[in-house]
Amino acid sequence: MCRCGDTATVAPDNHLWRRFMNDSEHLVFDKRLNRYIFHGNILGNMLQFNDDLSTYWREHLTERHNISAEQVLVQVEDERYSLIGEISVEFLRKIQCKVSHGPTNVVPLGCSHTSVSLPDGIDPNDPRDKGKRREVRLKINENCFFVHGMSGRPGIA
Ligand SMILES: [Zn+2]
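The structure displayed is predicted, hence computed values, not measured ones.

Visitor: Is there a simple way to think about the pairing of strand β4 (residues 53-57) in this case?
Guide: Consecutive residues of a regular strand have side chains that alternate between opposite faces of the sheet. Across the five residues that make up β4, a large majority, four, are buried. Direction of pairing for strand β1 (residues 15-20) relative to β4: antiparallel, over a ladder of two bridges. In the strand pairing of β4, W17 is matched with Y56. Where β4 lies against strand β7 (residues 113-117), four bridges are found, and the strand directions are antiparallel. Bridging across to β7, Y56 finds its partner in H113.

In structure tokens, the structure reads:
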């Protein structure tokens, strides 16, 4: 695992974490997947590319800092967020998203900062690419697993 502050290539078998609000209005039970996912109408907020999607590199946090998903929320101290979603790097690359580690010098969370970029040819801001961005978000939504903050029904940690 890379030293804090160094930039590294994120291995395909690694994972990214992102904080979300655990709000029952944001989540819907998907019968096919047999679990809660974000409501399609809220994806623009939950998975907003601005121009990238900011995430934390799980393996850097767990292996280098021994920090769990729950401890990420404790460190950030923003009570609006109580849910951690996990996305596989291999999956993101399979759908042509780019995953790049972009550490800041803030240890221990900033050093794990990782960006997910839209596939080539999809502009994060061009209104003409809105439909393509939605397709990418829908795929990520179905492949985002809540690893902390949801023990059953949404809104209940
Ligand atoms: Zn670090």
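Visitor: Is there a simple way to think about helix α2 (residues 58-65) in this case?
Guide: Residues R58, H60 and L61 constitute the buried set of α2. On the buried face of α2, the contacting elements are β1, β4, α3 (69-76) and β5 (83-88). Once α2 finishes, N66 follows within two positions and takes phi at roughly 55°, a positive value.

Visitor: When you look at the pairing of β1 in this model, what are you seeing that I'm missing?
Guide: Where burial is concerned, most of β1 is hidden: six out of the six residues are buried. Here β1 shows two buried faces, one formed by H15, W17 and R19 and the other by L16, R18 and F20. Sheet topology note: the β1/β5 ladder contains six bridges and is antiparallel. Bridge pairing in β5 places R18 opposite G85.

Visitor: Quick question: what am I supposed to make of the sheet that holds strand β8 (residues 144-148) here?
Guide: Adjacent strands of a sheet form backbone hydrogen bonds with each other and so pair up, either parallel or antiparallel. Within the open sheet, the six strands sit side by side as β6-β7-β4-β1-β5-β8. Their pairing is antiparallel. Two strands bound the open sheet, and with one partner strand each, they are β6 (98-101) and β8. Between one strand axis and the next, the sheet turns through 40° on average, direction left out of account. Contacts from α3 reach β1, β4, β5 and β8 within the one sheet, and its direction differs from that of β1 by about 50°.

The rules behind the values
- Here the residue index of a chain counts from 1 through its sequence in written order.
- Whole-chain, interface and lining totals are the exception, using all residues; otherwise, since this is a predicted model, local features are given only for residues with pLDDT of at least 70 and side-chain atom pairs are given and counted only at 80 or more.
- For the exposure call, what matters is how many other C-beta atoms sit within 10 Å of a residue's own: 20 or more marks it buried, 12 or fewer exposed, and in between partly exposed, using C-beta atoms placed from the backbone.
- Runs of H or I in DSSP of at least four residues are treated as helices and runs of E of at least two as strands, each being numbered from the N terminus.
- Any two strands with at least two DSSP-identified bridges between them are counted as paired.
- Once C-beta atoms have been placed from the backbone, residue pairs whose C-beta atoms lie within 7 Å are recorded as contacts.
- Note on definitions: angles span 0 to 180 degrees between N-to-C directions of axes, and those axes are lines fitted to C-alpha atoms, for helices only across the stretch in contact.

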